[in-house]
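A look at the structure
These are the residues of each chain, in order.
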Amino acid sequence: MVDEKRVYNQAAVVARNCWIGALIGVLFFFYPIVFPPETYGLNFAMMFAAIIIFFSAIISAIIFQRLAGNLNRLVSGEGLLARWTYSQDEWSRYTEEEHLRDRKDKWALFRLISIIAAIVGIIFVIFKHDALPVILVVIPGLIAIIAATAALTISSTYRQNRLHPGEVYIGKSGALLGREFHYWKLPTAYLQTAVFEAGNPPVIKLVYSSPSGYARGEYIARFPVPQGREEEAKQVLAQLKGEKSDI
């Protein structure tokens, strides 16, 4: 058991916002009933949109509420395998290395998506010549949005790591590093690999699969090992692999 402390629980914030969204969906549903619009068919469209908003928000709220509860239990010591606090030098070094790695990976993904989008646009124009003006607007706009998203994500992660002290909680079902929570025991989610990577600092690298929208996403979590904790890290890996084999 560890000393209980208050940590930033992003999942709890998202869950709360989703509950608010569900309430907005209910209000949006009854609005055209109480105040019927003059435009024909608008009331049906509003009610249909409200139903989608309500159920999407409810499902999301339940998922994130569960994540928030799992994070709270991890921080309180349930299923905890290791809790490490990093020195300023260790955390600073890790932050800079992860920033370089994150930037390289995300811009590589951006280039791949941009090439695919351009190819799709060219193929579309070949079969439908009059679509050229639309394609010349849509494809560059899409690429610009993807580029902005990549840049914001990279800068946000880097800023977050620099602003908040380095600490990690590693548990059997998930891990909290700084403000980022990784969880691999949701329905249909699972831990794929858990390895020890030598370096300065060495890291525990976990790869897990989790549903993302209508597809599956593969996620990588890297936890730096503080100086002198290498043997403890290997014991943590042994326990994680044991949990993985039980799935």
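Predicted model, so just to flag it, every value in this text is computed and none were measured. (Residues numbered from 1 in each chain as written. Predicted model: local features only at pLDDT ≥ 70, side-chain atom pairs only at ≥ 80, totals over all residues. Heavy atoms only, no water.)

Moving on: the overall build of the chain. Summing up its helical and strand segments, the chain has five helices and seven strands in all. Reading the chain from its N end, one meets helices and strands in the order α-α-β-α-α-β-β-β-β-β-β-α. In terms of overall dimensions, the chain is more spread out than a globule: its C-alpha atoms have a radius of gyration of 23 Å, far above the 18 Å expected for 247 residues. The principal-axis extents of the C-alpha atoms in the chain amount to approximately 70 × 50 × 35 Å. Residues counted as buried form 34% of the 247 residues belonging to the chain. Long-range pairs, those at least 24 residues apart, make up 64% of the contacts in the chain with a sequence separation of at least 6. Accessible surface computed for the chain: about 15300 Å², of which carbon and sulfur atoms make up 63%. Of the side-chain charges in the chain, 25 are positive and 21 negative, and the distance between the mean point of each set is 2 Å. (Helix = DSSP H or I, 4+ residues; strand = E, 2+ residues; numbered from the N terminus. Rg over C-alpha atoms; globule rule 2.2 N^0.38 Å. Buried < 20%, exposed > 50% of the residue type's maximum accessible area, 1.4 Å probe, protein only. Contact = heavy atoms within 4.5 Å. Areas by Shrake-Rupley, 256 points an atom, 1.4 Å probe, with all protein chains shown as cover. Lys, Arg positive; Asp, Glu negative; His and termini not counted. Charge placed at Lys NZ, Arg CZ, Asp CG, Glu CD.)

This part covers the pairing of strand 3 (residues 174-177). Residues of strand 3 alternate between two faces, with Gly-174 and Leu-176 on one and Ala-175 and Leu-177 on the opposite face, all of them buried. The sheet contact formed by strand 2 (residues 167-171) and strand 3 spans three bridges and is antiparallel. Paired with Val-168 across the two strands is Leu-177, which belongs to strand 3. Looking at chain direction, strand 3 and strand 4 (residues 180-183) are connected through four bridges and run antiparallel. The partner of Ala-175 across the bridge, within strand 4, is His-182. Adjacent in sequence and paired antiparallel, strand 3 and strand 4 are bridged by two residues, among which Gly-178 carries a positive phi angle near 65°. (Pairing = 2+ DSSP bridges.)

With that settled, the discussion passes to helix 1 (residues 10-34). In this model, helix 1 (25 residues) spans 36 Å end to end at C-alpha, consistent with the 36 Å of a helix rising 1.5 Å per residue. Its buried side turned inward, helix 1 meets helix 2 (42-76). (Expected span 1.5 Å × (residues − 1).)

A cluster of nonpolar side chains, namely Leu-23, Val-26, Leu-27, Phe-30, Tyr-31, Ile-33, Val-34 and Phe-35, defines an oily patch on the protein surface of about 790 Å² accessible area. Since its relative accessible area comes to 54%, Leu-27 is described here as exposed. (Patch = residues over 30% accessible without salt bridge, like charges linked within 9 Å, V, L, I, M, F, W, Y side chains within 5 Å. Salt bridge = Lys/Arg side-chain N within 4 Å of Asp/Glu carboxyl O.)

Here we take up the side chain of Arg-222. Looking at the element boundaries, Arg-222 is found in strand 7 (residues 215-224). Since its relative accessible area comes to 16%, Arg-222 is described here as buried. Polar contacts involving the side chain of Arg-222 include one to the side chain of Glu-197, which spans 3.0 Å. (Polar contact = N/O pair within 3.5 Å; in protein donor to acceptor, adjacent residues only side chain to side chain.)

Moving on: the nonpolar core. Ranked by internal contacts, the top residues of the largest apolar core, which has 23 residues, are Trp-84, Ile-170, Ile-204, Leu-206, Phe-223 and Leu-240. Breaking this core down by element, the ones donating at least two residues are strand 1 (80-85), helix 3 (88-127), strand 2, strand 3, strand 5 (190-197), strand 6 (203-212), strand 7 and helix 5 (230-245). Non-local contacts of Leu-206, meaning those with residues more than four positions away in its chain, are made with Trp-184, Leu-191, Thr-193, Ala-194, Tyr-219, Ile-220, Ala-221, Phe-223, Leu-237 and Leu-240. Ranked by size, the runner-up nonpolar core spans six residues in total, among them Leu-67, Ala-68, Tyr-183 and Ala-189. (Core = buried A, V, L, I, M, F, W, Y, C linked by side-chain atoms within 4.5 Å.)

Two numbers describe how helix 3 lies on helix 4 (residues 132-163): the axes approach to 10 Å, and their chain directions differ by 170°. With respect to each other, helix 3 and helix 4 are oriented roughly antiparallel. Looking at side-chain class alone, the contact of helix 3 with helix 4 contains 19 nonpolar, seven polar and five charged residues. (Axes fitted to C-alpha atoms, helices over the stretch in contact; angles between N-to-C directions. Parallel < 35°, antiparallel > 145°, perpendicular 65-115°, else oblique. Nonpolar A, V, L, I, M, F, W, Y, C, P; charged D, E, K, R; others polar.)

Bringing the pattern of salt bridges into the picture now. A full pass over the atoms with the stated rule returns nine salt bridges. Arg-73 is the partner of Glu-78 in a salt bridge, and the nearest nitrogen-oxygen pair spans 4.0 Å. The exposure class assigned to Arg-73 is partly exposed, which follows from its relative accessible area of 35%. For Glu-197, the salt bridge identified is with Arg-222, shortest N-O distance 3.0 Å. With Glu-197 in strand 5 and Arg-222 in strand 7, the pair connects residues that are 25 residues apart, well separated along the chain. Residue classification places Glu-197 among the partly exposed positions, given a relative accessible area of 26%. Taken together, the salt bridges that share partners define one network made up of Glu-98, Arg-101, Glu-197, Lys-205 and Arg-222.

From the geometry alone we can't say anything about function, so treat these as descriptive.
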